[in-house]
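# Fold and geometry: a report
So you can see what is in the structure, the chains are spelled out below.
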Amino acid sequence: MADDAASNPSEDVVERIYADGIAMVQLLGPQDRLLRVVEREHRDVQVHVRGNEITLTGPADAVARARALVDELIALSRSGQGLDPADVGLIEAHGTATS
C-alpha cells in the first residue's frame, strides 16, 4: 500500500510498509541498531516507525531503494534469521541476503 506523487518526480513520495507478525525488535535490532543503519544508508529518506508500520518519505527513487532493503529485512526476519548491522551492509552492497 503506498501513497505517492510519482506523477511529479520533484515531490516526495510516502511509502507505508506493514510488518505484521514480526517482532519489531527483531526487525529493527536492539536499541534500533538496524534502523539506524537503514537511516544512515538512505540519508535522503525519512524513516518513521510506529507499531508495526514503517513509513518511508523522500524522492521516489530513494524510497524505492530503501523499500527494497526493508522488504529484504522483513523476509530475513520472517525466515527466523538473526540480523545485525553488518547484515544490512551486506544487503546494501550485494542487493540480497536470501539468495
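Reading guide: rules and limits
Residues numbered from 1 in each chain as written. Predicted model: local features only at pLDDT ≥ 70, side-chain atom pairs only at ≥ 80, totals over all residues. Heavy atoms only, no water. Core = buried A, V, L, I, M, F, W, Y, C linked by side-chain atoms within 4.5 Å. Buried < 20%, exposed > 50% of the residue type's maximum accessible area, 1.4 Å probe, protein only. Helix = DSSP H or I, 4+ residues; strand = E, 2+ residues; numbered from the N terminus. Contact = heavy atoms within 4.5 Å. Expected span 1.5 Å × (residues − 1). pLDDT = per-residue confidence, 0-100.

## A short note on the nonpolar core
Ranked by size, the top nonpolar core spans 20 residues in total, and within it Leu27, Val45, Val47, Ile54, Leu56 and Ile74 carry the most contacts. Of all elements in the fold, only strand S2 (13-18), helix H1 (24-28), helix H2 (33-41), strand S4 (53-58) and helix H3 (60-78) reach the threshold of two or more residues within this core. Sorting elements by how many residues they give to this core places H3 first, with 7 residues. With residues near it in sequence (within four places) discarded, Leu56 still touches Val13, Val14, Glu15, Ile17, Val45, Gln46, Val47, Val63, Ala66 and Arg67.

## Remarks on H3
Helix length check: H3 (19 residues) gives 26 Å between terminal C-alpha atoms against 27 Å at 1.5 Å per residue, within 8%. Of the residues one or two after H3, Gly80 is the one with positive phi, at around 90°.

## Overview of the confidence of the model for the protein
On average, residues of the protein score 80 in pLDDT, and 73% of them reach the 70 mark or higher. Note that residues 1-7 has pLDDT below 50 and, in this model, 15 contacts with residues that lie over four places away or in other chains.

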